[in-house]
Amino acid sequence: MDSFVIRGTCRLEGAVRVSGAKNAVLPVMAASILTGGTCILENVPDLRDAKTMMQLLEVLGGSVSLDEGRAAIDTSRIDTFEAPYDLVRTMRASVYVLGPLVARYGKARVSMPGGCAWGPRPVDLHLKGLMALGAKVRIDHGYIDATADRLRGAEIILSIPSVGATINLIMAASLAEGTTVIENAAREPEVIEVAEALKRGGASIEGEGSSTVTVIGVNELNPFTHRAIPDRIEAGTIAAATVATGGDVTVEGCRPDHMHAVLDVLEQAGAEIETGEGTIRVKGAEEIRSVNIETGFYPSFPTDMQAQMMALLCKAAGASTISEHVYPDRFTHVPELKRLGASITLDGNVAVVTGRDRLEGAPVMATDIRASSALIIGGLMAEGETKVLRVYHIDRGYERIEEKLQRLGADIVRIRE
Ligand code: UD1
(Lines give C-alpha, C1' and ligand atoms only; values in the text may rest on other atoms or scores of the structure.)
Protein backbone atom coordinates (compact mmCIF):
# COMPACT_ATOMS: atom_id res chain seq x y z
CA MET A 1 0.00 0.00 0.00
CA ASP A 2 1.26 3.49 -0.85
CA SER A 3 2.30 5.96 1.80
CA PHE A 4 2.87 9.71 1.97
CA VAL A 5 6.01 11.34 3.25
CA ILE A 6 5.38 14.88 4.45
CA ARG A 7 7.94 17.38 5.60
CA GLY A 8 6.48 20.08 7.82
CA THR A 9 6.17 22.82 8.60
CA CYS A 10 4.88 24.69 5.63
CA ARG A 11 2.40 27.44 4.77
CA LEU A 12 -0.20 26.59 2.12
CA GLU A 13 -0.70 29.31 -0.45
CA GLY A 14 -2.44 29.64 -3.80
CA ALA A 15 -5.62 28.36 -5.36
CA VAL A 16 -7.06 24.87 -5.70
CA ARG A 17 -10.16 23.40 -7.30
CA VAL A 18 -12.27 20.81 -5.52
CA SER A 19 -13.53 17.64 -7.17
CA GLY A 20 -17.07 16.28 -7.42
CA ALA A 21 -18.59 15.00 -4.19
CA LYS A 22 -17.93 11.34 -3.46
CA ASN A 23 -21.03 11.05 -1.28
CA ALA A 24 -23.21 12.45 -4.04
CA VAL A 25 -21.70 10.47 -6.91
CA LEU A 26 -22.05 7.05 -5.23
CA PRO A 27 -25.85 7.13 -4.69
CA VAL A 28 -26.53 8.85 -8.02
CA MET A 29 -24.65 6.03 -9.76
CA ALA A 30 -26.80 3.51 -7.91
CA ALA A 31 -29.93 5.51 -8.78
CA SER A 32 -29.22 4.91 -12.46
CA ILE A 33 -30.41 1.30 -11.90
CA LEU A 34 -33.94 2.68 -11.53
CA THR A 35 -33.96 3.95 -15.10
CA GLY A 36 -32.85 0.85 -16.99
CA GLY A 37 -31.18 3.09 -19.58
CA THR A 38 -27.96 5.06 -19.98
CA CYS A 39 -27.49 7.85 -17.47
CA ILE A 40 -24.75 10.43 -17.72
CA LEU A 41 -23.01 11.64 -14.62
CA GLU A 42 -20.56 14.52 -14.86
CA ASN A 43 -17.91 15.78 -12.46
CA VAL A 44 -17.15 12.24 -11.27
CA PRO A 45 -13.97 12.29 -9.18
CA ASP A 46 -11.20 9.78 -9.83
CA LEU A 47 -11.61 7.91 -6.55
CA ARG A 48 -11.33 4.35 -5.48
CA ASP A 49 -14.89 4.37 -4.11
CA ALA A 50 -16.30 5.66 -7.41
CA LYS A 51 -14.48 2.82 -9.17
CA THR A 52 -15.83 0.32 -6.66
CA MET A 53 -19.39 1.50 -7.37
CA MET A 54 -18.74 1.20 -11.12
CA GLN A 55 -17.37 -2.30 -10.58
CA LEU A 56 -20.47 -3.21 -8.57
CA LEU A 57 -22.78 -1.95 -11.33
CA GLU A 58 -20.80 -4.08 -13.78
CA VAL A 59 -21.13 -7.14 -11.55
CA LEU A 60 -24.90 -6.57 -11.69
CA GLY A 61 -24.78 -6.60 -15.49
CA GLY A 62 -24.53 -2.86 -16.15
CA SER A 63 -21.79 -1.27 -18.18
CA VAL A 64 -19.94 1.88 -17.23
CA SER A 65 -17.45 4.01 -19.09
CA LEU A 66 -15.62 6.94 -17.56
CA ASP A 67 -13.92 9.58 -19.61
CA GLU A 68 -12.48 12.70 -18.03
CA GLY A 69 -14.95 12.74 -15.20
CA ARG A 70 -17.97 11.91 -17.38
CA ALA A 71 -19.51 8.55 -16.60
CA ALA A 72 -21.97 6.84 -18.93
CA ILE A 73 -23.84 4.22 -16.94
CA ASP A 74 -25.93 1.75 -18.90
CA THR A 75 -28.17 -0.35 -16.68
CA SER A 76 -30.37 -1.77 -19.44
CA ARG A 77 -28.93 -5.26 -19.06
CA ILE A 78 -28.97 -5.76 -15.30
CA ASP A 79 -29.35 -9.51 -14.81
CA THR A 80 -27.70 -10.14 -11.46
CA PHE A 81 -29.19 -8.89 -8.24
CA GLU A 82 -26.44 -9.63 -5.76
CA ALA A 83 -23.90 -7.20 -4.28
CA PRO A 84 -21.16 -9.56 -3.12
CA TYR A 85 -19.32 -9.46 0.20
CA ASP A 86 -15.98 -8.71 -1.46
CA LEU A 87 -17.22 -5.38 -2.77
CA VAL A 88 -19.47 -4.38 0.12
CA ARG A 89 -16.71 -4.96 2.66
CA THR A 90 -14.48 -2.47 0.83
CA MET A 91 -17.26 0.12 0.52
CA ARG A 92 -20.36 0.28 2.70
CA ALA A 93 -22.06 2.64 0.23
CA SER A 94 -22.61 -0.48 -1.91
CA VAL A 95 -25.82 -0.80 0.11
CA TYR A 96 -27.18 1.98 -2.13
CA VAL A 97 -28.02 -0.63 -4.79
CA LEU A 98 -30.51 -2.25 -2.41
CA GLY A 99 -33.40 0.22 -2.82
CA PRO A 100 -33.07 0.58 -6.61
CA LEU A 101 -32.82 -3.20 -7.24
CA VAL A 102 -35.87 -4.03 -5.13
CA ALA A 103 -37.88 -1.18 -6.60
CA ARG A 104 -37.12 -1.97 -10.22
CA TYR A 105 -36.54 -5.72 -10.27
CA GLY A 106 -38.36 -6.87 -7.14
CA LYS A 107 -35.31 -8.59 -5.72
CA ALA A 108 -31.92 -7.82 -4.23
CA ARG A 109 -29.31 -9.69 -2.27
CA VAL A 110 -26.76 -7.40 -0.71
CA SER A 111 -24.01 -8.46 1.64
CA MET A 112 -24.69 -7.04 5.09
CA PRO A 113 -22.20 -4.21 5.69
CA GLY A 114 -20.23 -4.98 8.83
CA GLY A 115 -18.87 -2.48 11.34
CA CYS A 116 -16.24 -0.04 10.25
CA ALA A 117 -12.96 1.26 11.67
CA TRP A 118 -14.77 3.45 14.18
CA GLY A 119 -17.51 1.08 15.37
CA PRO A 120 -20.92 -0.26 14.45
CA ARG A 121 -22.79 1.22 11.50
CA PRO A 122 -26.15 -0.52 11.27
CA VAL A 123 -28.47 -0.43 8.25
CA ASP A 124 -31.62 -1.26 10.21
CA LEU A 125 -33.34 1.98 9.13
CA HIS A 126 -32.80 1.13 5.44
CA LEU A 127 -34.38 -2.29 6.05
CA LYS A 128 -37.30 -1.09 8.20
CA GLY A 129 -38.09 1.55 5.60
CA LEU A 130 -38.07 -0.98 2.77
CA MET A 131 -40.33 -3.25 4.81
CA ALA A 132 -42.72 -0.34 5.34
CA LEU A 133 -42.79 -0.02 1.54
CA GLY A 134 -43.88 -3.66 1.37
CA ALA A 135 -40.59 -5.47 0.74
CA LYS A 136 -39.97 -8.80 2.44
CA VAL A 137 -36.56 -8.62 4.02
CA ARG A 138 -34.60 -11.37 5.72
CA ILE A 139 -31.00 -11.85 6.71
CA ASP A 140 -29.52 -14.99 5.20
CA HIS A 141 -25.91 -16.09 5.77
CA GLY A 142 -24.63 -12.53 6.09
CA TYR A 143 -26.71 -11.25 3.20
CA ILE A 144 -29.76 -8.98 3.12
CA ASP A 145 -32.37 -10.71 0.98
CA ALA A 146 -35.14 -8.40 -0.13
CA THR A 147 -38.06 -9.17 -2.42
CA ALA A 148 -41.22 -7.37 -3.44
CA ASP A 149 -43.86 -7.50 -6.15
CA ARG A 150 -44.29 -3.79 -6.40
CA LEU A 151 -43.39 -1.48 -3.56
CA ARG A 152 -46.26 0.53 -2.11
CA GLY A 153 -45.96 4.08 -0.79
CA ALA A 154 -46.02 4.47 2.98
CA GLU A 155 -45.37 6.90 5.78
CA ILE A 156 -41.89 6.26 7.21
CA ILE A 157 -40.62 7.98 10.33
CA LEU A 158 -36.86 7.63 10.67
CA SER A 159 -35.69 7.48 14.28
CA ILE A 160 -32.39 9.06 13.16
CA PRO A 161 -32.03 11.30 10.08
CA SER A 162 -29.74 8.80 8.35
CA VAL A 163 -28.31 10.01 5.04
CA GLY A 164 -28.03 6.49 3.66
CA ALA A 165 -31.53 5.40 4.71
CA THR A 166 -33.13 8.62 3.43
CA ILE A 167 -31.46 8.22 0.03
CA ASN A 168 -32.14 4.48 -0.27
CA LEU A 169 -35.82 5.06 0.57
CA ILE A 170 -36.24 8.02 -1.80
CA MET A 171 -34.80 5.84 -4.58
CA ALA A 172 -37.05 2.90 -3.72
CA ALA A 173 -40.16 5.06 -3.31
CA SER A 174 -39.67 6.75 -6.66
CA LEU A 175 -40.91 3.60 -8.42
CA ALA A 176 -43.41 2.53 -5.74
CA GLU A 177 -47.15 2.63 -6.22
CA GLY A 178 -48.55 5.67 -4.43
CA THR A 179 -47.13 8.29 -2.11
CA THR A 180 -44.33 7.91 0.39
CA VAL A 181 -43.67 10.45 3.11
CA ILE A 182 -40.32 10.22 4.89
CA GLU A 183 -40.32 12.07 8.20
CA ASN A 184 -37.14 13.07 10.03
CA ALA A 185 -35.34 12.74 6.71
CA ALA A 186 -31.68 13.66 6.43
CA ARG A 187 -31.23 17.18 5.05
CA GLU A 188 -27.70 16.83 3.64
CA PRO A 189 -26.97 18.35 0.20
CA GLU A 190 -26.28 14.82 -1.04
CA VAL A 191 -29.95 13.93 -0.44
CA ILE A 192 -31.01 16.89 -2.58
CA GLU A 193 -28.55 15.74 -5.19
CA VAL A 194 -30.13 12.31 -5.58
CA ALA A 195 -33.63 13.78 -5.65
CA GLU A 196 -32.60 16.22 -8.37
CA ALA A 197 -31.04 13.50 -10.52
CA LEU A 198 -34.18 11.35 -10.19
CA LYS A 199 -36.43 14.30 -10.97
CA ARG A 200 -34.52 14.82 -14.19
CA GLY A 201 -35.60 11.27 -15.02
CA GLY A 202 -39.26 12.08 -14.26
CA ALA A 203 -39.53 11.28 -10.54
CA SER A 204 -41.96 13.23 -8.43
CA ILE A 205 -40.20 14.29 -5.23
CA GLU A 206 -40.82 17.23 -2.93
CA GLY A 207 -39.25 18.54 0.24
CA GLU A 208 -35.71 17.22 -0.28
CA GLY A 209 -33.37 19.22 1.93
CA SER A 210 -36.08 19.49 4.60
CA SER A 211 -37.08 16.96 7.27
CA THR A 212 -40.15 15.81 5.33
CA VAL A 213 -39.65 14.35 1.89
CA THR A 214 -42.64 13.31 -0.19
CA VAL A 215 -42.23 10.94 -3.11
CA ILE A 216 -45.09 10.15 -5.46
CA GLY A 217 -44.16 6.92 -7.19
CA VAL A 218 -44.15 6.70 -10.98
CA ASN A 219 -44.31 3.64 -13.24
CA GLU A 220 -40.97 4.23 -14.86
CA LEU A 221 -38.07 6.61 -14.83
CA ASN A 222 -36.12 7.89 -17.79
CA PRO A 223 -32.34 8.02 -17.95
CA PHE A 224 -30.99 11.29 -16.56
CA THR A 225 -27.96 13.49 -17.08
CA HIS A 226 -26.61 15.04 -13.93
CA ARG A 227 -23.58 17.00 -12.79
CA ALA A 228 -22.32 16.22 -9.29
CA ILE A 229 -21.99 18.97 -6.69
CA PRO A 230 -18.52 19.86 -5.43
CA ASP A 231 -17.21 17.90 -2.48
CA ARG A 232 -17.88 19.98 0.64
CA ILE A 233 -15.71 17.72 2.77
CA GLU A 234 -12.72 18.00 0.44
CA ALA A 235 -13.20 21.79 0.40
CA GLY A 236 -13.42 21.82 4.20
CA THR A 237 -10.33 19.64 4.52
CA ILE A 238 -8.27 22.01 2.38
CA ALA A 239 -9.64 24.98 4.33
CA ALA A 240 -8.67 23.29 7.61
CA ALA A 241 -5.18 22.50 6.28
CA THR A 242 -4.83 26.17 5.31
CA VAL A 243 -5.76 27.37 8.79
CA ALA A 244 -3.50 24.72 10.32
CA THR A 245 -0.51 26.09 8.41
CA GLY A 246 -1.36 29.81 8.76
CA GLY A 247 -1.75 29.87 4.97
CA ASP A 248 -3.77 31.78 2.42
CA VAL A 249 -5.69 29.64 -0.06
CA THR A 250 -8.60 30.18 -2.40
CA VAL A 251 -10.73 27.08 -2.75
CA GLU A 252 -12.37 27.17 -6.17
CA GLY A 253 -15.36 25.40 -7.64
CA CYS A 254 -16.97 24.85 -4.25
CA ARG A 255 -20.37 25.59 -2.66
CA PRO A 256 -19.84 27.87 0.37
CA ASP A 257 -23.59 27.59 1.06
CA HIS A 258 -23.04 23.90 1.90
CA MET A 259 -20.31 24.74 4.38
CA HIS A 260 -21.69 27.24 6.92
CA ALA A 261 -20.98 25.18 10.03
CA VAL A 262 -17.40 24.39 9.01
CA LEU A 263 -16.62 27.96 7.96
CA ASP A 264 -18.08 29.29 11.25
CA VAL A 265 -15.81 27.02 13.26
CA LEU A 266 -12.75 27.96 11.20
CA GLU A 267 -13.56 31.63 11.83
CA GLN A 268 -13.85 30.98 15.53
CA ALA A 269 -10.41 29.35 15.29
CA GLY A 270 -9.07 32.67 14.03
CA ALA A 271 -9.30 32.31 10.25
CA GLU A 272 -10.45 35.05 7.95
CA ILE A 273 -13.00 33.70 5.48
CA GLU A 274 -14.21 35.44 2.36
CA THR A 275 -16.80 33.68 0.25
CA GLY A 276 -17.56 34.46 -3.38
CA GLU A 277 -19.47 32.85 -6.23
CA GLY A 278 -18.17 29.27 -5.92
CA THR A 279 -15.04 30.30 -4.04
CA ILE A 280 -13.80 30.53 -0.50
CA ARG A 281 -10.67 32.42 0.42
CA VAL A 282 -9.25 31.19 3.70
CA LYS A 283 -6.53 33.08 5.54
CA GLY A 284 -5.10 31.45 8.62
CA ALA A 285 -4.01 33.58 11.56
CA GLU A 286 -0.63 33.37 13.27
CA GLU A 287 -2.28 31.88 16.33
CA ILE A 288 -4.98 29.23 16.18
CA ARG A 289 -7.73 29.82 18.76
CA SER A 290 -9.27 26.97 20.71
CA VAL A 291 -12.90 26.16 19.86
CA ASN A 292 -15.62 23.81 21.01
CA ILE A 293 -17.23 21.63 18.37
CA GLU A 294 -20.34 19.48 18.44
CA THR A 295 -20.85 17.28 15.41
CA GLY A 296 -24.39 16.66 14.24
CA PHE A 297 -26.67 16.13 11.29
CA TYR A 298 -26.73 18.74 8.51
CA PRO A 299 -26.74 21.71 8.79
CA SER A 300 -24.73 21.11 12.01
CA PHE A 301 -20.99 20.51 11.96
CA PRO A 302 -20.30 17.34 9.92
CA THR A 303 -18.73 14.31 11.54
CA ASP A 304 -16.72 13.93 8.32
CA MET A 305 -14.77 17.10 9.29
CA GLN A 306 -14.22 16.21 12.94
CA ALA A 307 -10.81 14.53 12.57
CA GLN A 308 -9.38 17.33 10.40
CA MET A 309 -10.51 19.99 12.92
CA MET A 310 -9.01 17.99 15.74
CA ALA A 311 -5.67 17.92 13.92
CA LEU A 312 -5.55 21.68 13.55
CA LEU A 313 -6.62 22.25 17.17
CA CYS A 314 -3.57 20.25 18.29
CA LYS A 315 -1.63 23.51 17.90
CA ALA A 316 -4.32 25.92 19.17
CA ALA A 317 -3.79 28.23 22.10
CA GLY A 318 -5.65 26.55 24.96
CA ALA A 319 -8.00 23.60 25.25
CA SER A 320 -10.77 22.69 22.79
CA THR A 321 -13.52 20.14 23.23
CA ILE A 322 -14.93 18.05 20.43
CA SER A 323 -18.17 16.16 21.06
CA GLU A 324 -18.97 13.50 18.48
CA HIS A 325 -22.73 12.95 18.31
CA VAL A 326 -23.07 11.05 15.02
CA TYR A 327 -20.53 8.27 15.53
CA PRO A 328 -19.60 8.31 19.24
CA ASP A 329 -16.57 6.04 18.66
CA ARG A 330 -15.14 7.90 15.67
CA PHE A 331 -11.76 8.64 17.24
CA THR A 332 -9.28 6.22 15.63
CA HIS A 333 -7.17 9.24 14.63
CA VAL A 334 -6.58 10.17 18.29
CA PRO A 335 -3.75 7.71 19.06
CA GLU A 336 -2.10 8.54 15.72
CA LEU A 337 -2.24 12.32 16.35
CA LYS A 338 -0.75 11.62 19.76
CA ARG A 339 2.22 10.00 17.99
CA LEU A 340 2.89 13.47 16.57
CA GLY A 341 3.00 14.86 20.12
CA ALA A 342 -0.63 16.01 20.39
CA SER A 343 -2.24 16.22 23.79
CA ILE A 344 -5.71 14.68 23.58
CA THR A 345 -7.82 13.00 26.22
CA LEU A 346 -10.92 11.03 25.45
CA ASP A 347 -13.94 10.54 27.67
CA GLY A 348 -16.71 8.67 25.89
CA ASN A 349 -17.70 10.73 22.87
CA VAL A 350 -15.87 13.86 24.03
CA ALA A 351 -12.26 14.66 23.20
CA VAL A 352 -10.34 17.43 24.91
CA VAL A 353 -7.48 18.73 22.80
CA THR A 354 -4.91 20.84 24.59
CA GLY A 355 -2.94 22.85 22.06
CA ARG A 356 0.82 22.44 21.93
CA ASP A 357 3.40 24.88 20.51
CA ARG A 358 4.97 22.21 18.40
CA LEU A 359 4.23 18.80 16.95
CA GLU A 360 6.90 16.35 15.83
CA GLY A 361 6.85 14.26 12.68
CA ALA A 362 6.49 10.48 13.14
CA PRO A 363 5.26 7.44 11.23
CA VAL A 364 1.47 7.17 11.54
CA MET A 365 -1.20 4.88 10.18
CA ALA A 366 -4.34 5.90 8.32
CA THR A 367 -7.45 4.00 9.42
CA ASP A 368 -10.25 5.56 7.39
CA ILE A 369 -10.79 8.29 4.83
CA ARG A 370 -11.18 11.31 7.07
CA ALA A 371 -8.75 10.12 9.76
CA SER A 372 -6.16 9.92 6.98
CA SER A 373 -6.66 13.51 5.95
CA ALA A 374 -6.33 14.56 9.59
CA LEU A 375 -2.94 12.84 9.68
CA ILE A 376 -1.87 14.73 6.59
CA ILE A 377 -2.84 18.00 8.30
CA GLY A 378 -0.91 16.84 11.37
CA GLY A 379 2.10 16.11 9.16
CA LEU A 380 1.95 19.56 7.57
CA MET A 381 2.00 21.13 11.05
CA ALA A 382 4.66 18.88 12.57
CA GLU A 383 8.36 19.56 12.46
CA GLY A 384 10.40 17.04 10.50
CA GLU A 385 9.16 14.04 8.61
CA THR A 386 5.79 12.35 8.94
CA LYS A 387 5.11 9.15 7.07
CA VAL A 388 1.41 8.36 6.64
CA LEU A 389 1.02 4.65 5.99
CA ARG A 390 -1.95 3.03 4.22
CA VAL A 391 -2.99 6.02 2.11
CA TYR A 392 -5.21 3.50 0.38
CA HIS A 393 -7.93 4.95 2.61
CA ILE A 394 -7.37 8.50 1.44
CA ASP A 395 -7.50 7.42 -2.21
CA ARG A 396 -11.01 6.13 -1.52
CA GLY A 397 -12.27 9.64 -0.88
CA TYR A 398 -9.82 12.30 -2.07
CA GLU A 399 -8.75 12.78 -5.68
CA ARG A 400 -4.93 12.98 -5.80
CA ILE A 401 -4.82 15.04 -2.64
CA GLU A 402 -1.02 15.09 -2.62
CA GLU A 403 -0.90 16.81 -6.03
CA LYS A 404 -3.35 19.47 -4.88
CA LEU A 405 -1.35 20.09 -1.72
CA GLN A 406 1.93 20.17 -3.67
CA ARG A 407 0.51 22.94 -5.85
CA LEU A 408 -0.19 24.89 -2.66
CA GLY A 409 3.44 24.52 -1.59
CA ALA A 410 3.28 21.45 0.66
CA ASP A 411 6.26 19.12 0.77
CA ILE A 412 4.40 15.82 0.36
CA VAL A 413 5.33 12.87 -1.82
CA ARG A 414 3.68 9.54 -2.51
CA ILE A 415 5.85 6.49 -2.03
CA ARG A 416 4.52 3.69 -4.24
CA GLU A 417 4.88 0.23 -2.77
C1 UD1 B 1 -22.97 9.02 5.29
C2 UD1 B 1 -21.63 9.35 4.66
C3 UD1 B 1 -20.54 9.39 5.72
C4 UD1 B 1 -20.93 10.32 6.87
C5 UD1 B 1 -22.32 9.98 7.39
C6 UD1 B 1 -22.82 10.97 8.43
C7 UD1 B 1 -21.83 8.41 2.45
C8 UD1 B 1 -21.41 7.38 1.47
N9 UD1 B 1 -21.33 8.32 3.68
O10 UD1 B 1 -22.86 7.71 5.84
O11 UD1 B 1 -19.35 9.85 5.10
O12 UD1 B 1 -19.99 10.20 7.90
O13 UD1 B 1 -23.28 9.97 6.32
O14 UD1 B 1 -22.87 12.24 7.88
O15 UD1 B 1 -22.59 9.31 2.12
N16 UD1 B 1 -27.82 4.71 11.59
C17 UD1 B 1 -28.56 3.73 12.20
N18 UD1 B 1 -29.24 2.85 11.41
C19 UD1 B 1 -29.22 2.93 10.05
C20 UD1 B 1 -28.46 3.93 9.44
C21 UD1 B 1 -27.78 4.81 10.24
O22 UD1 B 1 -28.60 3.63 13.42
O23 UD1 B 1 -29.87 2.12 9.39
C24 UD1 B 1 -27.08 5.68 12.42
C25 UD1 B 1 -25.57 5.56 12.23
O26 UD1 B 1 -25.01 4.56 13.06
C27 UD1 B 1 -25.11 6.96 12.61
C28 UD1 B 1 -26.26 7.84 12.12
O29 UD1 B 1 -27.37 6.97 11.95
O30 UD1 B 1 -25.03 7.09 14.01
C31 UD1 B 1 -25.99 8.54 10.82
O32 UD1 B 1 -25.58 7.60 9.84
P33 UD1 B 1 -25.90 7.79 8.29
O34 UD1 B 1 -26.36 9.19 8.06
O35 UD1 B 1 -26.78 6.69 7.85
O36 UD1 B 1 -24.49 7.60 7.63
P37 UD1 B 1 -24.18 6.93 6.25
O38 UD1 B 1 -25.26 7.24 5.27
O39 UD1 B 1 -23.78 5.51 6.44
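Since the structure is predicted, the reported quantities are computational estimates derived from the model, not experimental observations.

Visitor: Quick question: what am I supposed to make of the overall build of the protein here?
Guide: Along the protein, the regular secondary structure elements total 14 helices and 24 strands. Taken over the C-alpha trace, the protein has a radius of gyration of 21 Å; the compact-globule value for 417 residues is 22 Å, and the two agree within 12%. Burial statistics for the protein: of 417 residues in total, 59% are counted as buried. Look at the contacts in the protein between residues 6 or more apart in sequence, and 73% of them connect residues 24 or more apart. About 16000 Å² of surface is accessible on the protein, with carbon and sulfur atoms providing 45% of the total. Positive and negative charge centroids in the protein, built from 43 and 55 side chains respectively, lie 3 Å apart.

Visitor: Which parts of the structure should I look at to understand helix α10 (residues 306–313)?
Guide: Most of α10 sits inside the fold, with eight of its eight residues counted as buried. When we look at burial in α10, the residues that qualify are Q306, A307, Q308, M309, M310, A311, L312 and L313.

Visitor: Looking at this model, I keep getting lost on the pattern of salt bridges. Mind explaining?
Guide: A pair can form between side chains of opposite charge whenever their charged atoms are brought close. Throughout the structure, instances matching the rule amount to 28 salt bridges. Residue D46 pairs with K51 through a salt bridge whose shortest N-O separation is 2.7 Å. A relative accessible area of 30% means that D46 is categorised as partly exposed. K51 gets classed as partly exposed once you look at its relative accessible area, which sits at 45%. With its nearest N and O atoms 3.8 Å apart, the salt bridge here joins D145 to R138. Residue D145 is classed as buried on the basis of its relative accessible area of 16%. Through salt bridges with shared partners, a single ionic network connects D2, D395, E402, R414 and R416.

Visitor: Explain the sheet that holds strand β23 (residues 384–389) here, please?
Guide: Working definition: the strands of a sheet are paired by backbone hydrogen bonds and lie parallel or antiparallel to each other. As summarised here, the arrangement of the four strands in space is β22-β23-β1-β24, forming an open sheet in which the pairing is mixed. In the strand order of this sheet, the two ends are held by β22 (363–365) and β24 (411–415), each with one partner. The average angle at which neighbouring strand axes cross in this sheet is 20 degrees, direction not considered. Along the sheet, helix α12 (residues 369–381) contacts β1 (3–8), β22, β23 and β24; its crossing angle with β1, the most-contacted strand, is approximately 30 degrees.

Calculation criteria
Residues numbered from 1 in each chain as written. Predicted model: local features only at pLDDT ≥ 70, side-chain atom pairs only at ≥ 80, totals over all residues. Heavy atoms only, no water. Helix = DSSP H or I, 4+ residues; strand = E, 2+ residues; numbered from the N terminus. Rg over C-alpha atoms; globule rule 2.2 N^0.38 Å. Buried < 20%, exposed > 50% of the residue type's maximum accessible area, 1.4 Å probe, protein only. Contact = heavy atoms within 4.5 Å. Areas by Shrake-Rupley, 256 points an atom, 1.4 Å probe, with all protein chains shown as cover. Lys, Arg positive; Asp, Glu negative; His and termini not counted. Charge placed at Lys NZ, Arg CZ, Asp CG, Glu CD. Salt bridge = Lys/Arg side-chain N within 4 Å of Asp/Glu carboxyl O. Pairing = 2+ DSSP bridges. Axes fitted to C-alpha atoms, helices over the stretch in contact; angles between N-to-C directions.

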